[in-house]
2 protein chains.
Amino acid sequence: MSRQALGWRMDYDTLDHAIRIAPKAKAPLKGRDPLCEHLFPDKQEAEEALRADAKAIDAMQDVLWAERKRALLVVLQGIDTSGKDGTVRGVFNSCGPLGVAVTAFGKPSEEELSHDYLWRVHKAVPKRGMIGVFNRSHYEDVLVVKVRGLAPAAEVERRYEQINAFEKHLTENGVTVLKFMLHISKDEQRKRLQERLDDPKKHWKFNPGDLEDRALWDDYVAAYDTMLERCSTAHAPWRVTPADKKWRRNAIISAVVRRTLEEMNPAYPKAEFDPKAITIE
Amino acid sequence: MSRQALGWRMDYDTLDHAIRIAPKAKAPLKGRDPLCEHLFPDKQEAEEALRADAKAIDAMQDVLWAERKRALLVVLQGIDTSGKDGTVRGVFNSCGPLGVAVTAFGKPSEEELSHDYLWRVHKAVPKRGMIGVFNRSHYEDVLVVKVRGLAPAAEVERRYEQINAFEKHLTENGVTVLKFMLHISKDEQRKRLQERLDDPKKHWKFNPGDLEDRALWDDYVAAYDTMLERCSTAHAPWRVTPADKKWRRNAIISAVVRRTLEEMNPAYPKAEFDPKAITIE
């Protein structure tokens, strides 16, 4: 694809190389820049790229639906305030609700807990023709569950390979899996939490429990590091997305989603009838 | 609300009066104009009104979600090509997939058929805070099921009151129900079906079975007439929306959805904590 088609100045490989975690690579979050100014130096350009990408994504989603053979699953993970909802709005709003289904995974229900942890996740996998977005995901089962000790350590330990096998199953069955870890600094989180306290219209977003998780920051970073090392596979790599700037985060993710759909290259199906032989009374 | 706030020249009551079916009124489709040029005479104005309404709907949906006490269910019914998908795109695309969940009801699965006909419908009712859109609905169970004789006539006959009771249950439990019947002429359907045959990119939308339904046009009209007479209730009235012009259809429906949300008047919840007493470390 030409640079022009992508709608921005940097070539795609440079971008992807900067954020994709190679299989089995140790890629500690501590050494990763949550800003990455070199990726999209200019805000206005990033916003233009996002608009162009969002439009292209919408157009390709239509064909994906017409084809009805494959699906795209976009997994968004990140700590509180890292911008998971904002990414959905920024990247997928042009698609509208018809071709994109968002599933938010909160605290599991009694029924969900009475099944294995992938049960509720599998149910929410997008059907053929759709783009599914997971706001949090099965990775919570090796993140919050690990940090807060909600399952025995030995059980959590087995999950990394189980998750890899599950995602391999999906990709072998026509579901392309994209995984974005939204990477923000501890300082940026403080700012965003403070905004929620300062603006009465944002009070509902503030959960005093978020501060407990913030106090466990280093434990979460360690859990994310292990997840990135163990679950970034060739078939479903993790991409650590600098997310301190919302506009840059959106431009990066939309570029990857667009490129992925272009590579999937969906096509309108051929008619199983002869359109010329049909007369409408 | 002022005319200005609605973003168009006609007042809302005139519009609503023109399309809403009074309880138990006989309102045969045959006597209803699928164009209704007087409602939005000017295309450009209608498009401006739609844009303003879509933006207002998006903003109010955010508050509805923050409040998380009530839901809005929008039912779209109409024969093939009447524009159900197009309405979702036109009216709800600004909302994005985060706050709007679309459910398309096709031919029921084996599992669905092993339950009563409202089982799959109840499951898809939007949760508190969401707008749900039904592309087709439980009304198929008194339309295609009746016309094609897929259930005994006596059973279909009982369904009108069952549906009224079900919708009453929903409205009494915080789900506002809006029902739009998209009304197109037989001639307009011919044009739209022909477009699907002429454009290879639309072949996938054409189903030769649609012609069988078209041949049963008068039977469908009769089934719709009965549905409108029996199921337009005070708590969940039917609105017969002129749909020969897509832009007018969208402007009308967005005006009703906007007004409905304004009347629901969602509010940001009060914080259950003292924002000033919280310090973020």
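A quick note: this is a predicted structure, and the numbers were derived from the prediction, not measured. (Residues numbered from 1 in each chain as written. Chains lettered and ligands numbered in written order. Predicted model: local features only at pLDDT ≥ 70, side-chain atom pairs only at ≥ 80, totals over all residues. Heavy atoms only, no water.)

This next bit is on the overall build of chain A. If you tally the helices and strands in chain A, you get 12 helices and 5 strands. Expected size for 281 residues packed as a compact globule is a radius of gyration near 19 Å; at 20 Å, chain A falls within 12% of this value. Here the C-alpha coordinates of chain A stretch approximately 70 × 45 × 40 Å along the principal axes. Evaluated residue by residue, chain A yields a buried proportion of 51% over its 281 residues. Considering only contacts within chain A whose residues lie at least 6 apart along the sequence, 82% involve residues at least 24 apart. With the model as given, the accessible surface of chain A reaches about 13,300 Å², and the carbon-plus-sulfur share is 49%. Side chains of chain A give 46 positive and 44 negative charges; the mean places of these two sets differ by 1 Å. (Helix = DSSP H or I, 4+ residues; strand = E, 2+ residues; numbered from the N terminus. Rg over C-alpha atoms; globule rule 2.2 N^0.38 Å. Buried < 20%, exposed > 50% of the residue type's maximum accessible area, 1.4 Å probe, protein only. Contact = heavy atoms within 4.5 Å. Areas by Shrake-Rupley, 256 points an atom, 1.4 Å probe, with all protein chains shown as cover. Lys, Arg positive; Asp, Glu negative; His and termini not counted. Charge placed at Lys NZ, Arg CZ, Asp CG, Glu CD.)

Moving on, we come to unusual backbone geometry. Look at Arg68 of chain A: it is not a glycine, yet its phi comes out positive at around 50 degrees. Of note, Arg68 of chain A is situated in the loop between helix 3 (43-67) and strand 1 (71-77).

All names here are of chain A. One pass over the full model with this rule turns up 46 salt bridges over all chains. Among the ionic pairs, Arg190 bridges to Asp187, the shortest N-O distance being 3.0 Å. A residue pair is termed a helical-turn pair when its members lie 3 or 4 positions apart in one helix, as Arg190 and Asp187 do in helix 9 (residues 186-198) at 3 residues. Counted as one network, the salt bridges with shared partners bring together Asp16, Arg20 and Arg239. (Salt bridge = Lys/Arg side-chain N within 4 Å of Asp/Glu carboxyl O.)

A few words now on the interface of chain B and chain A. Listed by partner, the interface residues are 37 residues for chain B and 37 residues for chain A. When chain B packs against chain A, close to 3,400 Å² is buried across both sides, 70% of that on carbon and sulfur atoms. The largest per-residue losses of area from chain B upon contact with chain A belong to Leu98, Trp204 and Ile280 of chain B, which jointly make up 23% of the total buried on that side. The shortest N-O distance in the salt bridge between Arg89 of chain A and Asp62 of chain B comes to 2.6 Å. Between chain B and chain A we count 5 residue pairs in polar contact (both at pLDDT 80 or more) in total. Looking at the side of chain B that touches chain A, the elements with two or more residues in it are helix 3 (43-67), helix 4 (84-92), strand 2 (100-104), helix 9 (186-198) and helix 10 (209-215) of chain B. Residues that form the side of chain B that touches chain A fall into these classes: 22 nonpolar, 6 polar and 9 charged. (Buried area = accessible area lost by both parts, 1.4 Å probe. Polar contact = N/O pair within 3.5 Å; in protein donor to acceptor, adjacent residues only side chain to side chain. Nonpolar A, V, L, I, M, F, W, Y, C, P; charged D, E, K, R; others polar.)

Turning next to the side chain of Glu140 of chain B. Note that Glu140 of chain B resides in the loop between strand 3 (131-135) and helix 7 (144-147). For Glu140 of chain B, the residues in contact, after removing those within four places along its chain, are Gln77 and Val145 of chain B.

The next point concerns the nonpolar core. Residue and element names in this part refer to chain A. In this structure, Val74, Ile131 and Val257 are the most contacted members of the largest nonpolar core, which totals 76 residues. Counting residues per element, this core draws most heavily on helix 12 (residues 246-264), which supplies 9 residues. If near-sequence neighbours (up to four positions away) are discounted, Val257 is found in contact with Ile57, Leu72, Val74, Phe92, Leu178 and Phe180. (Core = buried A, V, L, I, M, F, W, Y, C linked by side-chain atoms within 4.5 Å.)

Next up on the list: the sheet that holds strand 4 (residues 175-183) of chain B. Residue and element names in this part refer to chain B. Spatially, 2-3-1-4-5 is the arrangement adopted by the 5 strands of the open sheet, whose pairing is parallel. A single partner strand is all that each edge strand has here, and the edge strands are strand 2 and strand 5 (238-242). With direction set aside, neighbouring strand axes in the sheet form an average angle of 20 degrees. Across 5 bridges, strand 2 lies against strand 3 in parallel orientation. Note that in strand 3 the partner of Val100 across the bridge is Ile131. Contacts from helix 12 (residues 246-264) reach strand 1 (71-77), strand 3, strand 4 and strand 5 within the one sheet, and its direction differs from that of strand 4 by about 170 degrees. (Pairing = 2+ DSSP bridges. Axes fitted to C-alpha atoms, helices over the stretch in contact; angles between N-to-C directions.)

Attention now goes to the pairing of strand 1 of chain A. Residues and elements named next belong to chain A. Along strand 1, 7 of the 7 residues are buried, which leaves the element largely enclosed by surrounding structure. Going residue by residue along strand 1, you find Ala71, Leu73, Val75 and Gln77 tucked away on one face and Leu72, Val74 and Leu76 tucked away on the opposite face as well. Pairing analysis gives 7 bridges linking strand 1 to strand 4 (residues 175-183), with the strands arranged parallel. Bridging across to strand 4, Leu73 finds its partner in Val177. Alignment of strand 1 against strand 3 (residues 131-135), held across 5 bridges, turns out to be parallel. Directly across from Leu72, in strand 3, lies its bridge partner Ile131.

Let us look at the pairing of strand 4 of chain B. All names here are of chain B. Buried residues dominate strand 4, accounting for 8 of its 9 residues. The pairing of strand 4 with strand 5 spans 5 bridges and is parallel. Bridge pairing in strand 5 places Leu182 opposite Thr241.

To continue, consider the confidence of the model for chain A. Should the pLDDT be low somewhere, the predicted coordinates at that spot are not to be read in detail. Residue and element names in this part refer to chain A. Here chain A averages 94 in pLDDT, while 96% of its residues score no lower than 70. Overall, residues 1-7 carries pLDDT values under 50, and its contacts beyond four positions in sequence, including any with other chains, amount to 11 contacts. Note on the complex model: pTM 0.92, ipTM 0.87. (pLDDT = per-residue confidence, 0-100.)

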